[in-house]
Structure formats: structure tokens, C-alpha cells
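What follows is each chain in one-letter form.
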Amino acid sequence: MSAAQNLLDSRPPSVAHIFLSRVAATPDREAYRHPVAADGGAPGAEEWRSLTWAQTAERVKAIAAGLLTLGLRPEERVAISSSTRVEWILADLGVACAGGAATAVYPSTNAEETAYILSDSGSRAIFVENAEQLAKVAAHADRLPGLDHAILFDPDPDADTPRVDGLDVLTLAELEKRGEAHLQEHPDAVDTAVRAIGPDHLATLIYTSGTTGRPKGVRLVHDCWSYQAVAQEVSGLLLPDDVQFLWLPLSHVFGNALIAGQVKTGSVIAVDGRIDRIVTNLPVVRPTVMASAPRIFEKVYNGIAARARAEGGAKYKIFLWAAKVARDHARTGQEQMVATGRRKLPLWLTVQHAVADKLVYGKIRAAFGGELRGSASGSAALAADIGYFFAGAGVPVLEGYGLTETSAAVTVNPVDDFRVGTVGRPLPGTEVRIAEDGEILLRGPGVMRGYHNLPDKTAEVLESDGWFHTGDIGDVDKDGFVRITDRKKDLFKTSGGKYIAPTEIESRFKAVCPFVSNILVIGNGRNYCTALITLDETAIMPWSASNGLGGRTYADVVSSPEAHALIEGFVQRVNGDLQRWQTIKKFSVLPRDLDVEHGELTPSLKVKRPFVEREYAEVVEAMYEGSREA
């Protein structure tokens, strides 16, 4: 038996156990960094402060003991509705160490759906970030007879704690004081609660943000997270000396998995969920690892290309040359690795790459902090050309694959042998097989124990022998690398009987068009394919200023004939590499980008296809007016 398998087989019952062991092993090492207002600084000035593992444990134990004083019993649910911040992590670990189960609620969730999640989960208490999140709970408090307590992260310093009928509202500081007092009388209370946790006890309910229908509560037990923690460690995905920049939503399964791995390895997390601060934070934090979504890398690439285009002349030509060298260098190295097991590159390409590195790539790495050894990417496919570009520039994007139902990652690309266009190999202890219809099936300790209160839905996807039906189509190559080709439910058939994988076409378009933000290929039951396209404002506005459209608004620019002609060129370029029935015959550029606030994207930035098609039904129908069978 290998050492890695031995560690997996002997994994602790829960992350709560792992957390207490981590604190005992490295109490004085840094655990978390978080931004705070700078003492005596200018308005808005910030600085980063750290918590050691011992300091973290002091707060986590106080929160856990505070929850015990509220009467929390094993496996009872405590919800968390907050943006990504250090208090989210402390609350989550506190719930775990009290023996409870966390219910994750996206802060962008509306009041109606928040009430549904709290009711369906049977949550006894909820941590809320601020008065805005508390108001959503209060709006439907009469429908939540089982909810007794709300704990406020950020109370208004100039006002009393808000009152909600039927709900005990207290601040996080007040809860911690209660917990500290309880520990004075019962110093072993939290340790006793942790010892009582079993691997099959419920740890987390995460409601699928879903691209269709009501969210389903995914039941993840403590063993799911313990497996994630150990698997990340033995795979080398996280190292003890890593500094991770965490901005992803912690209500998402990916964020939860990253915390589990960090606790096991004892590495550092710098946490700040403000999207508008990512660019500012990266050179300050200087992370060695970071998880992200493909959309972020697409925006970064589009931004780099837009700046180079705006500078024009020799600088733009140098960028285009360097981008090609980066792709050639990465693609050739990968092909050699697959064929021979070595990344052997021709001398001319090595020399060109070294020159391009001095001129271009070093600046790109510096923008990411200069220390990044890898950035995990999930939730959707990354266009291959963008993946090759960043790999060649020394910022490897390590695509992985997982679902809420599998407690996040089940496959991931290793840093020393990543392959663009794949989602990597299975984590140790996870099995992958391909069904006859091409669907990917998974089995392993990270797989959920079912959907909460939905036995029929559980039976649809989870077989009695543990195999989970992912709903994704893909294959596994001879070296064990998994490739996702599309969502089973997204595949559609034209009226001519031809099957279309829209994700493949969309990915190709994103690879060639530096102005695109989102694209949705449509054609189910139709006689040809069309597309709804949105443009990236940071890329299209500099272009507009250089093409006679300066001074116009974003809406004016994207609706202009000039922008339509620009995008038409990229559409035709993609069409040239497609089969006739796959080609995009017509397209419409939408007046604004898709976003979470309008309900068009999930919090993990996946497009809600049915929602968008309904919202823009008139636009879609206009593209098929007068059509006849092709």
C-alpha cells in the first residue's frame, strides 16, 4: 500500500478533528490574512492583519461554545449568509467544532429563496453579514418557526442591534463572549463536541445554485471534507508553505474544499471576496496558489490584449508575437510530454520564448504577484488558446472538475504535468468511468449522501453501489486525463437531426474573439444555429475610441454597425472550422453583459441557459424570422 493511500485510508473523521490537530502542531504559524481599515490612515486606507492558528482556535472555540449555549445539537443546521471574509471561515469552523452542520446561503440570494433554503434545511440559527442580509431573513420570519437566532457580523456602530420578531439577534462579538464564559465553566466543551463527530454525520448543506428550477440541498458529510483535505495534501495541490489568495464565494462548494485542504496542510489563506479588489490585492498578497473561474482569466487576457491594442504600433505587434510564442511553447511542450514523457522544445522556440519572457511575460506574472505556481480553475471550460497563453507566460491555469454533489474537485491537473484542454486526473481514492452514452460517472468518498428531503431526486443520480451520474459528457485518455465535452442536458438536436455541443462552439469563439464576455449558442429544434453575444466593456471601449466611436456609451457602442461588423468577422472565422450544421448563421449582440444580479448567471458565473433564452426570447425569435429548412 502506498503512503498516499495509507493516509487516505486513515483520514480523521472530520475537518474539526483536523483543525484541532493543526492548532496543536503549529499554533504560532500564520493561518489567515484579512484586510482591515488602516489605523490612523486616510479614509478608505487598508492594511492586512494576520491570525495565527492559536488565535484562530481561540475565536473558533468561542464561536462553537457560543452556539452550544444556544442549544445547538449534533447535526442541527446553522446557516451562513455573507460575502467571502475571514468571519465566514471562523463561523464555519465554529459550527463544525460544535458538531453542527452549516447551511451555505449566497449573499446574492433573494429574500424568497433565502427563506426557502432556511425552511427546507431546518436551520436553527443564521450568521448574517450585515443589516441587509438580516432584512432578507426578517422579511419571511413568520415562515421560519424553527429559526431562533441570528448572529450579525457587522452591526451598525451608531445604532442598536436590530430587532426581529421571534428571532434572538446578537452580534458575533456577543456570541463569542457567551462562548468564552461557557468555556470558563466547561473548558472541555468544544473538545467533547468534536470527539462525538462521526465521519457520516452531516457537515454541510449546500444548495445548488442551479441553472434551472428550485435549488436542491446537497448533503455532504464530514468524511467528504476530510477526504478533500487529505486528497489535496497527498496530491501536492497545496503545500505547507503555500500562500493562497481566496476570493471565491465561500457559499460555493469550491471555497469549502479549499478551506479543508488549507487546514490539513497548515498553509496560509489571504481572504477577501471583493471582486473589485482582486487586481489591487494580488501584488500585495503575492500568492503561490489561487483558485478562480475561467471567466476571470478570459477577462484578464482580454484586458491585456486591449491595453496592447490601445498602445498600437510596435508594442501591439510585440504582444501578438509574444502571445503566439506563448501558445506555441506551451502546446509543443505538452505534445512532447504526451509523446515522450519529456518537455523537449526546439532551440529556436526556446530562444524566442526567453526573449518574449523579458519583454512581456514577466509583466504578466508580476500582475499576479510574481510567485504564482499554479491557479486552479473550475466551474466551466477554459478556452484552450487562453490556457496555452497563460501556460506559456508562466501562469499555469490548472483546470479541474467537480460538482457540488462531489464536494468539489474529483479531478485536477497536476502542476508538473498539466494538459490544456483536459480537467486532469482523478484525485486519489476517486474512480471515474464513462457510461455507454458518454456520461461521466464518479465514485469516491467525496460523493454526497443524497439531496436533502428529495429521495426521488437522489435515486435519479446516485446508484446503490455509489456511482454518481454527473450529467456531463466526456472521455478519459490513455494516461488517465479526463476531458469534458459538454453538459448532457445542453446537447441539442437541430430540426435536421444533427446533434450540437454548444459549449464546444462557444469555447472556440472565446478563443478567437478578445472582445467577447459571454456567448450562448442556440438551435434546439431549429434549422440552424444562432448566438446571443455580450461584449467585455474593458476590451470593447478602448477599441471604440480608436475606431471613430469615442465618447459613446457602452450601450451605443455594442449596438453600432461597426461593432456588429467587428464581431461578424470573428463569427466567420470560427465558422470556417466548423461543420456546416454547426455554423452560427445569425447572432445578436446584447445591450449589456449577463450578470448574477439579473439572474442570468449563477454565483459561480455559469450561464443559466433557459433563463437567458426566455429573457431574450424576442431577440432569438427575430433571428429565425422567415427561416426555412436548410
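Remember, predicted model here, so these are calculated numbers, not experimental data. (Residues numbered from 1 in each chain as written. Predicted model: local features only at pLDDT ≥ 70, side-chain atom pairs only at ≥ 80, totals over all residues. Heavy atoms only, no water.)

As a further point, take helix H11 (residues 278-285). Within H11, the full set of buried residues consists of Ile-278, Asn-281, Leu-282 and Val-285. The buried residues of H11 occupy an angular sector of 110 degrees when projected down its axis, which confines them to one face. Exposed side of H11, more than 90 degrees from the buried face: Val-279 and Val-284 are the residues found there. (Buried < 20%, exposed > 50% of the residue type's maximum accessible area, 1.4 Å probe, protein only. Helix = DSSP H or I, 4+ residues; strand = E, 2+ residues; numbered from the N terminus. Arc of directions from axis to C-beta.)

Further remarks concern a nonpolar patch on the surface. A cluster of nonpolar side chains, Ile-318, Trp-321, Leu-347, Val-351, Val-355 and Leu-359, forms an exposed patch at the surface whose accessible area comes to about 520 Å². Only helix H13 (313-340) and helix H14 (347-367) provide two or more residues apiece to the nonpolar patch. Residue contributions to the nonpolar patch peak at four residues, all from H14. On the secondary structure map, Leu-359 appears in helix H14. On the basis of relative accessible area, Leu-359 is assigned to the partly exposed category, the value being 41%. (Patch = residues over 30% accessible without salt bridge, like charges linked within 9 Å, V, L, I, M, F, W, Y side chains within 5 Å. Areas by Shrake-Rupley, 256 points an atom, 1.4 Å probe, with all protein chains shown as cover. Salt bridge = Lys/Arg side-chain N within 4 Å of Asp/Glu carboxyl O.)

As a further point, take the pairing of strand E6 (residues 149-152). Burial along E6 is two-sided: His-149 and Ile-151 and Ala-150 and Leu-152, pointing in opposite directions, are all buried. The sheet contact formed by strand E5 (residues 125-128) and E6 spans four bridges and is parallel. Its bridge partner lying in E6, Ile-126 is registered against Ala-150. Following the chain from E5 across helix H6 (residues 131-138) to the adjacent parallel E6, one finds a crossover that is right-handed. For E6 and strand E7 (residues 168-171), the ladder comprises four bridges, and the chain directions are parallel. Paired with Ala-150 across the strands is Val-169, a residue of E7. (Pairing = 2+ DSSP bridges. Right-handed = clockwise from strand over helix to strand, strands pointing away.)

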